[in-house]
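Commentary on secondary and tertiary structure
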Amino acid sequence: MEFHCKGLLFDNDGVLVDSHAAAVAAWAQWASEFAPGFDWDQPGNAGRRAEDKVREQVAPELFEVANDRINQLEQDTAGETVALGGAVALLTSLPADVWTVCTSANPRLGRARLQAAGLPVPPQLVTADDVSAGKPAPDPYLLGAQKLGLDPADCVVFEDAQAGALAGIAAGAGLIVGVSEKALDTDADIVVRDLSGITFDGEVLFIPDKNRLR
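First things first, this report covers the structure right here in the doc. (Residues numbered from 1 in each chain as written. Predicted model: local features only at pLDDT ≥ 70, side-chain atom pairs only at ≥ 80, totals over all residues. Heavy atoms only, no water.)

As a further point, take the sheet that holds strand S6 (residues 155-159). Taken together, the 5 strands give an open sheet; going across it, the order is S5-S2-S6-S7-S8, and neighbouring strands pair in parallel fashion. Of all the strands in the sheet, just strand S5 (99-101) and strand S8 (190-192) have a single pairing partner and so form its edges. With strand direction ignored, the average angle separating the axes of adjacent strands in the sheet is 20°. Inspection of the sheet shows strand S2 (residues 7-10) paired to S6 by 4 bridges, in the parallel sense. The residue of S6 that forms the bridge with Gly7 is Cys155. (Pairing = 2+ DSSP bridges. Helix = DSSP H or I, 4+ residues; strand = E, 2+ residues; numbered from the N terminus. Axes fitted to C-alpha atoms, helices over the stretch in contact; angles between N-to-C directions.)

Here you go:
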């Protein structure tokens, strides 16, 4: 498959890096302290900012301490992050001005996970602190396209979670590529196993048919 576009906007966790086990452990510890019975590892929580999930689980007067705690717990496990298939090859092949990462993680965590996985940190990185509304709101991808100097319609969004796919759709992205089998349950236009074999020359995005799940 070939798709004409000008820029690529990547979610991080579940698309570029695998931080799932570390995040599950961090949130389990957090829940034992602040929200007994809360199970972070549910599809509806995927792709959303930590601060938004914390607000849903604790009283307003506990928000600051609870939010600081999950940020620290996730930071402590950031070193366990590894790159997913094809991520290193694709990102290191791209000029710096045609791609960025739009993550729901805070700036420190987002950078730490990329670095732990051996991936470049884009200068136009968009994090949870850069937007007033996180995914599924379109804000992260609107800002990502803006930082690249592009119209969202000229960009391709790579996502693994429904919240992120909806954010890309709402932003008006030209194509939403779901990544991993989990993305089969999203509204992504197409779904691939991982980023293996995907190339982009600044004009044409090539996705091998053998890597497509949908």
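Turning our eyes to something else, we now look at the packing of aromatic side chains. One pass over the structure, following the stated rule, counts 7 aromatic pairs. Aromatic pair Phe10 and Trp99: ring centres 6.2 Å apart, planes at 75°, arrangement edge-to-face. Here Trp99 lies in strand S5 and Phe10 lies in strand S2, a separation of 89 residues in the sequence. Seen in terms of ring centroids, Trp27 and Trp30 are 5.2 Å apart; in terms of plane orientation they differ by 70°. Their pairing is edge-to-face. Taken together, the residues Trp27 and Trp30, both in helix H1 (residues 20-34) and 3 residues apart, mark about one turn of the helix. Residue class for Trp27 comes out buried when judged on its relative accessible area of 1%. Each residue in the set Trp27, Trp30, Phe34, Phe38 and Trp40 is aromatic and connected to the rest through ring pairs, giving one cluster. (Phe/Tyr/Trp six-rings, centres within 6.5 Å; stacked < 30°, edge-to-face > 60°. Buried < 20%, exposed > 50% of the residue type's maximum accessible area, 1.4 Å probe, protein only.)

A few words on the sheet that holds strand S9 (residues 199-200). Judged by pairing direction, the sheet is antiparallel, and its 3 strands sit side by side in the order S1-S10-S9 without closing on themselves. Taken across any chain shown, the strands that pair with only one partner, and hence form the sheet edges, are strand S1 (2-4) and S9. As defined by bridge partners, S9 adjoins strand S10 (residues 204-206) across 2 bridges and the pair is classed as antiparallel. Within S10, the position partnered with Phe200 by the bridge is Leu205.

What follows covers unusual backbone geometry. Each neighbour pair has its own omega, and for Lys135 with Pro136 the value is 15°, a cis peptide bond. With respect to the helices, strands and loops of the structure, Pro136 is situated in the loop between helix H5 (107-116) and helix H6 (139-148). Here the phi dihedral of Ser180 falls at roughly 90°; this positive angle occurs in a residue that is not glycine. Positionally, Ser180 belongs in the loop between strand S7 (175-179) and S8. Its relative accessible area of 17% is what places Ser180 among the buried residues.

So, on to the side chain of Lys135. Locating Lys135 in the fold gives a position in the loop between H5 and H6. Polar contacts involving the side chain of Lys135 include one to the main-chain carbonyl oxygen of Cys102, which spans 2.8 Å. A polar contact is formed between the side chain of Lys135 and the side chain of Tyr141, at a distance of 3.3 Å. Among all residues touching Lys135, those that are not within four sequence positions of it are Asp11, Gly47, Arg48, Cys102, Thr103, Ser104, Pro140, Tyr141, Glu159, Ala163, Gly164 and Ala167. (Polar contact = N/O pair within 3.5 Å; in protein donor to acceptor, adjacent residues only side chain to side chain. Contact = heavy atoms within 4.5 Å.)

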